[in-house]
Each structure stands twice: as structure tokens, then as C-alpha cells.
Amino acid sequence: MKPIFLCGFMGCGKSTVGKILAKKLNCRCVDLDKYIEDKEGMTIPDIFEKKGEPYFRKLETKALEEFANIGGIVATGGGALLTEHNGNVAKKAGIAVFIDTLFETCYGRIKDDPHRPIAYNSTKEQLKERFDFRRPLYAAHSDYSVSGEFPPSVIADKICEFYRKNTK
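Residues numbered from 1 in each chain as written. Predicted model: local features only at pLDDT ≥ 70, side-chain atom pairs only at ≥ 80, totals over all residues. Heavy atoms only, no water.

So, the overall build of the chain
Along the backbone of the chain there are nine helices and five strands. Ordered by position in the sequence, the α and β elements of the chain form the string β-α-β-α-α-α-β-α-β-α-α-α-β-α. Expected size for 168 residues packed as a compact globule is a radius of gyration near 15 Å; at 15 Å, the chain falls within 12% of this value. Along the three orthogonal principal directions, the C-alpha set of the chain runs to about 45 × 30 × 25 Å. Within the chain, the proportion of its 168 residues that are buried is 48%. By element, 50% of the accessible surface of the chain is carried by carbon and sulfur atoms, the whole surface being about 8600 Å². (Helix = DSSP H or I, 4+ residues; strand = E, 2+ residues; numbered from the N terminus. Rg over C-alpha atoms; globule rule 2.2 N^0.38 Å. Buried < 20%, exposed > 50% of the residue type's maximum accessible area, 1.4 Å probe, protein only. Areas by Shrake-Rupley, 256 points an atom, 1.4 Å probe, with all protein chains shown as cover.)

See below:
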């Protein structure tokens with residue numbers, strides 16, 4: 001099975017949809033941030049604090065390249081598919097899917113989460129600015145976009161349908 005890379009803003013539903021999608025397609029789902037935490041032996045906030053965001057972004061790229069050769073669902077971090085290089089890695093290996101969720105929905109899910117250093121240390125206005133900057137990049141670096149305003153099981157069904165039509 002070719003991998004499916006889920007991308008979108010923090011709180012858009014990548015991890016939740018990924019788990020449902022993995023059950024539907026009878027494969028595993030890997031949370032890229034969790035994978036990086038396990039490999040580094042520290043949390044994302046600790047990586048940001050001790051080694052900085054550029055170091056973390058390099059880890060993301062390396063992890064994406066590792067999963068390019070493994071099937072299954074990869075729930076990427078909110079910044080993983082922002083670069084053209086990472087988008088190309090995902091699209092070449094499998095399918096990149098943008099879960100396009102409204103800012104207010106995402107914000108409600110992330111605003112008080114200390115495990116999301118960018119969200120936790122930013123104002124709502126700063127996050128909205130980041131969201132507006134990132135949204136067109138997610139779309140440009142994806143093969144398919146689906147509204148994140150549907151229930152997670154419906155989003156997973158839509159991705160399954162797209163995947164099956166485009167990977168024969």
C-alpha cells in the first residue's frame with residue numbers, strides 16, 4: 001500500500017482521521033510528531049526549547065523520507081508539508097491529503113494545549129496569521145483536499161474513495 005500523508009493546520013483532525021482511516025484500510029497509522037519524540041527521546045516542546053524549530057523541521061523532513069518507503073497512514077505535524085521538498089516527498093511516495101478545517105475549529109482544539117508549543121506561545125491573532133500563511137501551502141503540496149468540517153468518519157470515507165480511485 002502506498003502511504004497516505006495527512007496534512008493541515010494544528011487541530012484540523014489529522015490524528016483522529018488517521019486512526020479511522022487506518023482501520024478502514026487495514027493498515028497502521030503513524031503520528032509523525034510521536035515518532036520524532038520517540039526517536040529523540042524528548043517531547044516536541046522540549047525539542048523546540050533545547051534545539052530550536054529549525055532542528056525540529058530537519059527531523060520532520062528526515063522522518064517523512066523514512067516513511068516514504070513504508071505503507072500506511074502518516075499523520076504529519078502542522079508544519080511538515082509546508083516546504084515544496086516535503087510536499088514532493090509525500091506526493092512521490094504516495095498521496096498527500098489536506099484536511100481543510102476552518103481556523104475557528106482548529107483554534108478551539110489547540111488554544112490551551114501545552115504540547116503544541118507554537119499554539120501555546122502564540123496569541124489567537126498570531127495563530128490566525130500563521131493559518132492564513134500555511135493554508136495555500138498545504139493545498140499546493142497536496143494531491144487532494146477534503147473539508148475538515150465533516151465528522152472524522154466521513155472525512156476518512158472521502159479519503160478512502162479518493163485513494164482507491166487514484167492508486168489502482
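Things to note about the packing of aromatic side chains
Taken as a whole and assessed by the stated rule, the structure comprises seven aromatic pairs. Plain terms: the ring middles of tyrosine 35 and phenylalanine 67 are 4.7 Å apart, the flat faces sit at 75° to each other, and that makes the pair edge-to-face. Taken together, the residues span a long stretch of sequence, with tyrosine 35 in helix H2 (residues 32-40) and phenylalanine 67 in helix H4 (residues 53-67) at a distance of 32 residues. Taking relative accessible area as the criterion, tyrosine 35 reaches 22% and is therefore assigned partly exposed. For phenylalanine 67, a relative accessible area of 4% translates into the label buried. Ring plane angle 45° and centroid distance 5.3 Å describe the contact between phenylalanine 48 and phenylalanine 56, whose orientation is recorded as tilted. (Phe/Tyr/Trp six-rings, centres within 6.5 Å; stacked < 30°, edge-to-face > 60°.)

Topic: the sheet that holds strand S3 (residues 73-75)
Pairing in this open sheet of five strands is parallel, and the strands run S2-S3-S1-S4-S5 from one edge to the other. In the strand order of this sheet, the two ends are held by strand S2 (29-31) and strand S5 (144-147), each with one partner. Mean inter-strand twist for the sheet, computed between neighbouring axes without regard to direction, equals 25°. Where strand S1 (residues 4-7) and S3 come together, three bridges link them in parallel fashion. Following the sheet pairing, phenylalanine 5 is matched in S3 by valine 74. Helix H1 (residues 14-25) rests against S1, S2, S3 and strand S4 (95-100) of the sheet, and its axis sits at about 160° to S1. In this fold H2 packs onto S2 and S3, with an angle of close to 65° to the strand it touches most, S2. (Pairing = 2+ DSSP bridges. Axes fitted to C-alpha atoms, helices over the stretch in contact; angles between N-to-C directions. Contact = heavy atoms within 4.5 Å.)

Brief notes about the packing of H2 against helix H3 (residues 44-51)
At a closest axis distance of 9 Å, the pairing of H2 and H3 adopts a crossing angle of 60°. In this view, H2 runs oblique relative to H3, as classed from their interaxial angle. Contacts between H2 and H3 pair Asp33, Ile36, Glu37 and Glu40 from the former with Ile44, Ile47 and Lys51 from the latter. Residue composition of the contact of H2 with H3, by class: three nonpolar, no polar and four charged. (Parallel < 35°, antiparallel > 145°, perpendicular 65-115°, else oblique. Nonpolar A, V, L, I, M, F, W, Y, C, P; charged D, E, K, R; others polar.)

Focus: H1
Note that an α-helix has 3.6 residues per turn; residues three or four places apart therefore point the same way. Over its 12 residues, H1 runs 16 Å from end to end, which matches the ideal 16 Å to within 8%, given 1.5 Å per residue. Among the residues making up H1, those that are buried are Lys14, Val17, Gly18, Leu21, Ala22 and Leu25. Across the axial projection of H1, the buried residues extend over an arc of 140°, all falling on one side. Of the exposed residues in H1, those oriented more than 90 degrees away from the buried face are Lys19 and Lys23. Residue asparagine 26 follows H1 closely and has a positive phi angle near 55°. (Expected span 1.5 Å × (residues − 1). Arc of directions from axis to C-beta.)

Examining the side chain of lysine 14
Mapped onto the secondary structure, lysine 14 falls in helix H1. Although buried, lysine 14 forms no salt bridge, and the nearest oppositely charged side chain, aspartate 33, lies 7.2 Å from it. (Lys, Arg positive; Asp, Glu negative; His and termini not counted. Salt bridge = Lys/Arg side-chain N within 4 Å of Asp/Glu carboxyl O.)

Read these as spatial facts, not as claims about activity.
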